[in-house]
Amino acid sequence: MDVLIPKRKWSFVTRWWWLGALLLAGTGVAGFYWPKPGQRLHVATNRLTISPVTRGNFQEFTAIDGVVQPLHTVYLDAAEAGTVQQVLVEEGTTLTAGQPLLRLANPDLQLEMVNRETAVYDLMNNLRNTRNQLLQNRILRQNQLADIDFQLAEARRVFDTNQVLYDQKVIARQDYLQSQNAYRYQLRRRQLTQQTLRQDSIAMQQQLGTMQESVQRMTSNLALMRRKMDDLLLRAPVGGRLSSLAAEVGEAKTRGQRIGQIDALAGVKLHAAVDEFYIARIAAGQVGEVVVEGRAYALRVTKIFAQVAKGLQIDLAFTGTPPPGLRRGQTLPIRLALSAKAPAVLLPKGGFYQQTVGNWAFKLGADGTRAQRVAIRLGRQNPDYYEVLAGLRPGDQVVTSSYEGYADQQELVLDNSL
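Residues numbered from 1 in each chain as written. Predicted model: local features only at pLDDT ≥ 70, side-chain atom pairs only at ≥ 80, totals over all residues. Heavy atoms only, no water.

Within an unreviewed UniProt entry, the label attached to the chain reads HlyD family efflux transporter periplasmic adaptor subunit, and the organism entered is Hymenobacter ginkgonis.

1. Focus on the packing of aromatic side chains
Summed over the entire model, instances satisfying the criterion amount to 12 aromatic pairs. Within the aromatic cluster, the residues linked to one another by ring pairs are Phe352, Tyr353, Trp360, Phe362, Tyr386, Tyr403 and Tyr406. The ring of Phe61 has Arg335 sitting right over it, with the charged end atom 3.8 Å from the ring centre. One cation-aromatic arrangement involves Arg373 over Trp360; the distance from NZ or CZ to the ring centre is 3.6 Å. (Phe/Tyr/Trp six-rings, centres within 6.5 Å; stacked < 30°, edge-to-face > 60°. Lys NZ or Arg CZ within 6 Å of the ring centre and 35° of its normal.)

2. Section: the environment of Gln178
With respect to the helices, strands and loops of the structure, Gln178 is situated in helix 3 (residues 173-230). Sequence-wise, Gln178 and Leu101 are 77 residues apart; in three dimensions their C-alpha atoms are separated by 89 Å. (Helix = DSSP H or I, 4+ residues; strand = E, 2+ residues; numbered from the N terminus.)

3. Overview of the domain arrangement of the chain
For the chain, the assigned domains are domain 1 (40-56 + 343-415), domain 2 (62-68 + 266-337) and domain 3 (108-228). Here domain 2 and domain 3 have C-alpha centroids that lie 79 Å from each other. (Domains from an automatic or database assignment.)

4. Re the sheet that holds strand 8 (residues 100-105)
On the basis of which strands lie adjacent, the open sheet formed by 4 strands has the order 9-8-6-11 and antiparallel pairing. Since the sheet does not close on itself, it has two edges, and those belong to strand 9 (233-235) and strand 11 (252-253), each with one partner. Pairing geometry for strand 6 (residues 82-87) and strand 8, over 4 bridges, is antiparallel. Residue pairing across strands places Gln86 opposite Arg103, the latter belonging to strand 8. (Pairing = 2+ DSSP bridges.)

5. Some thoughts on the nonpolar core
In terms of nonpolar packing, the biggest core is built from 24 residues, with Leu347, Phe362, Leu392, Tyr403 and Leu412 touching the most fellow members. Here the element with the most residues in this core is strand 19 (residues 360-364); it accounts for 4 residues. Every residue in contact with Leu392, bar those within four places of it in the chain, is listed here: Val53, Val345, Leu347, Lys363, Val374, Ile376 and Val398. Grouped together as the second largest cluster of nonpolar side chains are 21 residues, Val84, Leu232, Ala236 and Ala247 included. (Core = buried A, V, L, I, M, F, W, Y, C linked by side-chain atoms within 4.5 Å. Buried < 20%, exposed > 50% of the residue type's maximum accessible area, 1.4 Å probe, protein only. Contact = heavy atoms within 4.5 Å.)

6. A short note on helix 2 (residues 107-167)
Helix length check: helix 2, at 61 residues, gives a terminal C-alpha distance of 89 Å against a target of 90 Å (1.5 Å per residue), a fit within 8%. Here helix 2 starts with a cap whose side-chain oxygen sits 3.2 Å from the backbone nitrogen of Asp108, and that cap is Asn106. Positive backbone phi, approximately 65°, marks Lys169, located one or two places after helix 2. (Expected span 1.5 Å × (residues − 1). Polar contact = N/O pair within 3.5 Å; in protein donor to acceptor, adjacent residues only side chain to side chain.)

7. Observations regarding the sheet that holds strand 24 (residues 411-415)
Taken together, 6 strands build an open sheet; the order of strands is 1-24-20-19-23-2 and the sheet is mixed. In the strand order of this sheet, the two ends are held by strand 1 (40-44) and strand 2 (50-52), each with one partner. Going from strand to strand, the sheet's axes swing by 35° on average, the running direction of each strand aside. Alignment of strand 19 against strand 20 (residues 370-375), held across 5 bridges, turns out to be antiparallel. Paired with Leu364 across the bridge in strand 20 is Ala371. (Axes fitted to C-alpha atoms, helices over the stretch in contact; angles between N-to-C directions.)

8. Looking at the pattern of salt bridges
Under the definition given, this model contains 18 salt bridges. We note a salt bridge from Glu117 to Arg226, for which the minimum N-O separation is 3.7 Å. You can see Glu117 sitting in helix 2 and its partner Arg226 sitting in helix 3, a full 109 residues away along the chain. Relative accessible area serves as the criterion here: at 38%, Arg226 is assigned to the partly exposed category. Members of the salt-bridge network, linked through shared partners, are Glu60, Arg281, Arg380 and Glu387. (Salt bridge = Lys/Arg side-chain N within 4 Å of Asp/Glu carboxyl O.)

And the structure:
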């Protein structure tokens, strides 16, 4: 006869005992397969970057980006206010000095020009009329003087005759004295007329000179007004390429408003911003270079801007012939030297520095299959290399990629099969 056997249940203690055993077994297996600190670690070769230690000239430099700008830029501002009436050229046009660019219209300026021209013409007519009137007065005075001279000569003749007759007791004393007084009167009259004529001449010269100066001033003002009218036709002050022209027909422009700019064709320069960390190490005349299509071109710092905005702003000029085909706004990588070149042992830069801070590195053995952890000492650095002071020699092979995940290992085994 079959007997029902009750199902056996695990007790609470039994369940926890088996769970602890499983965890202990899992930890043992993981410890068997996971390397402990100080042991070697197998690493796939294709995951590593291996760089050679070399000997060469080391130079501190910083990598910056330079923007191509013309060597000289001339800005175009509106000399007079007005409305754009006609645009004569397009952006990008190569200009010659004096070439018309655009024409402005200013009715108020034109009306003022007409009024000044009218005022000058009126003043010139007044000057002409005044000169004619003064000349007529002078002629009248001269006629009066001629008449007085005639009367004076006649009075002198009568007086001389009467004096002889009076001495001979032919005429009475009364007739003699009358002729004498007549002669003296005409003499005095001539003196006064000559004095009046001289004063009139001086006054005429002064009046004419004053009016002439007024005419010259108004003529100069009129010439200035004409130049202002000429300024309504904007011309290129120098030859070059019109890089920008902000003007549309019917658009109103105020005096001094920026309209455009002309880039001189004499050459180009590079404008760059240097990190503020290097402010104390940047000086005028400092050298650098830029590589364009595999060819290096030397540069020299020509200007350091006083204001620091988004870094230290500098201008660099090419010491020789600049690269062909450069365009305004183009960006070029610049290597700005911070020191002179000197012989040194060089190690290419890499991600290993983040874990080691330059105190150690993995150096490959002679067979190239293992990399041992060795102590090193690094000095200066630039964007390409570290300067090796101790621990490595030229010809050594070093793992320069990141050590994340195996920074606590003593040896790396390079495995091509992983």
